[in-house]
Structures are given as structure tokens and as C-alpha cells.
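Descriptive structure summary
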Amino acid sequence: MTDRKAAIVTGSSSGIGLGIARGLAAAGFDIVMNGIEAPDAVEDTRRALSDEFGVRIVYSPANLMAGAGVRELVGLGQATFGKVDVLVNNAGIQFVSPVEDFPDEKWDQIIALNLSAAFHATKAVVPGMKARGWGRIINIASAHGLVASPFKSAYVAAKHGLLGFTKTIALETAEHGVTVNAICPGYVLTPLVEKQIPDTAKARGITEEQVKRDVLLAAQPTKRFVTVEELADLAVFLTTAGAASITGASLTVDGGWTAQ
Ligand code: NAD
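Predicted model only: the values in this text are computed from it and were never measured.

**Observations regarding the overall build of the chain**
- Looking only at helices and strands, the chain has 8 helices and 7 strands in total.
- A compact globule built from 260 residues would reach a C-alpha radius of gyration of about 18 Å, and the chain, at 18 Å, matches this within 12%.
- With respect to the principal axes defined by its C-alpha atoms, the chain has extents near 55 × 40 × 35 Å.
- Looking at the chain residue by residue over its 260 residues, the buried ones come to 50%.
- Long-range pairs, those at least 24 residues apart, make up 71% of the contacts in the chain with a sequence separation of at least 6.
- In the form shown here, the chain has an accessible surface area of approximately 11,300 Å², with 55% of it arising from carbon and sulfur atoms.

Below, the structure is given as C-alpha cells:
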């Protein structure tokens, strides 16, 4: 075990999670990266981050769709670093469809990964955080945790649920030096968003360019995508002493979307 703090970032082989893993590595955290990509596909990134920032980084390809995979991931963090100080529940998927056509298995998968995985991971790390009197849990929710859009019933339900879960665990851990917060991003141009553009175009009967301009960025007053670096900066701030009284919060980083 080193003096450095250790962080698990779920779904950090891509997009926002990778940006947060990079931000935490730059801030001196040892990291457990995770994603469902094959380990050799992520190896170059893992090694590059470790070399650049001089921290230890391990990768787990655990599938977090079930509690057993989540416990495997947390177990790797505990076995490698002796503790988990920071948990970032970030892994998430999306599916876009009118509710009457929404496949049952897609509903179940989105609830399992976007909501239940955060429960299983939190349950596994909280005892150690309480015992050490310090911990940070950061849930990557969404502007869709606060407001809805049509055709995203499972995602919106899961993200609203994640905000309720965030507040509950914040109350349960408040006297133990543990903070629990949610970050609610607006649209970030990651593979998750790129993948839903064709389905949204189909559901609404418009072109993909129109989806970007008239659907995604229509809701975002800044008229630009949020960046992963902006989200990583906030996640890192939440781990600092200056953020010790921020708990149970839903922090929007959405270019003004939910101000409307
Ligand atoms: P992404 O598709 O780029 O990355 C998703 C990550 O999750 C990848 O590392 C992938 O391997 C991992 N993952 C997928 N299924 C998994 C599984 N079963 N088990 C373990 N890992 C799995 O997505 P992103 O845009 O970076 O999204 C990350 C989070 O941010 C999600 O929770 C998403 O809902 C949220 N979010 C994204 C946006 C956006 O505009 N991109 C906006 C608001 C919130």
C-alpha cells in the first residue's frame, strides 16, 4: 500500500470515465480503470496514463450488469491498493425508443448498469470509507436526472433514481467524513451520444445533422457540447478538502439546459 489515495472509476475505458480517470491520475490517485473492452484494447491507455502521472493503474474488464461483476471490480481495488477512497459510478448505456416499442431487456439492462451497479459498488466500499473516516462517492447522473426527454424512459428513470440514491447515501455517511454527490452533465460528444443519433433521427423522422443541432444542442443554451475535461475538473475538485461540505448535491454541468 502507498500513501496515495485509490480511486475506482467505472466505465473508464471511454468517454467521460476515461477523462475522469485521467484527471484523478493527474491529481495523484492510483486508479482502477474499468470497461467491457478487451484488456489488450485498453492496455496502451492504461500504461500511458500510469507513465505520464507516475501512479499505479490497473484495469478490470468486469461487466457491471450484475452485482457479482461489481463486487469483482471493488475486490480488485481493495486487493491491489488495500482500500478504495474514491468511487466514481460512471458506467452507463442508453437506448432510445418510444415506450410501446421499448424492448424489455433494454429496460432491465439500463436499470441494472445505470442504477443498480452504483448501489452494489457503494454497498461494497462504504464500510471501508466509514472505518477510515474519509471517502468520496461521485455518481455520474445526467441532466436527464432532473428533466426528461421523450423516448428515453429507462435512462431518465435510472438517472432520476440515481439522484435519490445519492441523497440517501449522503445522509447515511455524513458523519463519517464521506461525501456523496452527483454530477449532471448536459450533452458530451462521446460514443454514447454518437450511437444514439441514428436512433433519435429514426424516432423523430429527421436527419442526423438535425438531431445534433435541433434536438441535442437545442436544449443546451451554450450551443456547444460539454467537454470531458470540464467534468473531470469538477470530479477532482469534489475529492479536495475544499469540497468537504458538499454532499448530497446534484451538480449540473449542462450549459444552462436545466435552468430553462
Ligand atoms: P461511453 O459509451 O463513451 O462510455 C461508457 C463506458 O461504460 C465505457 O467504458 C464502457 O466500456 C463502459 N460500459 C458499458 N457497459 C458496461 C458494462 N456492462 N459493465 C462495465 N462497463 C460498461 O459513455 P459516456 O458518454 O462517457 O457516458 C458515461 C456516463 O456519463 C454514463 O453514465 C452516461 O449516462 C453519463 N452521461 C453522458 C452524457 C453524454 O452526453 N455523453 C451526458 C450525461 C450523462
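Having seen the model, we can carry on.
**Focus on the environment of Lys167**
- Note that Lys167 resides in helix 5 (residues 153-173).
- By relative accessible area, Lys167 is classed as partly exposed at 47%.

**Considerations on empty space enclosed by the protein**
- A complete count under the given rule lists 2 cavities of 30 Å³ or more for this structure.
- Looking at the largest cavity, its volume works out to about 80 Å³.
- In this structure, the largest cavity is lined by 14 residues; those nearest its centre are Thr10, Asn89, Asn90, Ala91 and Leu113.
- Every element with two or more residues in the lining of the largest cavity is listed here: helix 4 (104-132) and helix 5.
- In terms of residues, the lining of the largest cavity owes the most to one element, helix 4, which gives 5 residues.
- Its residues placed into classes, the lining of the largest cavity shows 9 nonpolar, 4 polar and 1 charged.
- Size it by volume and the second largest cavity reaches roughly 40 Å³.
- What lines the second largest cavity is Val96, Ser149, Pro150, Phe151, Lys152, Tyr187, Thr200, Arg204 and Val215.
- Looking at the lining of the second largest cavity, its residues break down into 5 nonpolar, 2 polar and 2 charged.
- Inspection of the lining of the second largest cavity shows a minimum of three residues originating in each of domain 1 (6-186 + 227-252) and domain 2 (188-225).

Rules used in this analysis
Residues numbered from 1 in each chain as written. Predicted model: local features only at pLDDT ≥ 70, side-chain atom pairs only at ≥ 80, totals over all residues. Heavy atoms only, no water. Helix = DSSP H or I, 4+ residues; strand = E, 2+ residues; numbered from the N terminus. Rg over C-alpha atoms; globule rule 2.2 N^0.38 Å. Buried < 20%, exposed > 50% of the residue type's maximum accessible area, 1.4 Å probe, protein only. Contact = heavy atoms within 4.5 Å. Areas by Shrake-Rupley, 256 points an atom, 1.4 Å probe, with all protein chains shown as cover. 1 Å grid on protein atoms, 1.4 Å probe; cavity = no way out; pocket = protein on both sides within 12 Å on 5 of 7 lines; lining within 4 Å. Points joined across faces, edges and corners; volume = space filled by probe spheres on them. Nonpolar A, V, L, I, M, F, W, Y, C, P; charged D, E, K, R; others polar. Domains from an automatic or database assignment.

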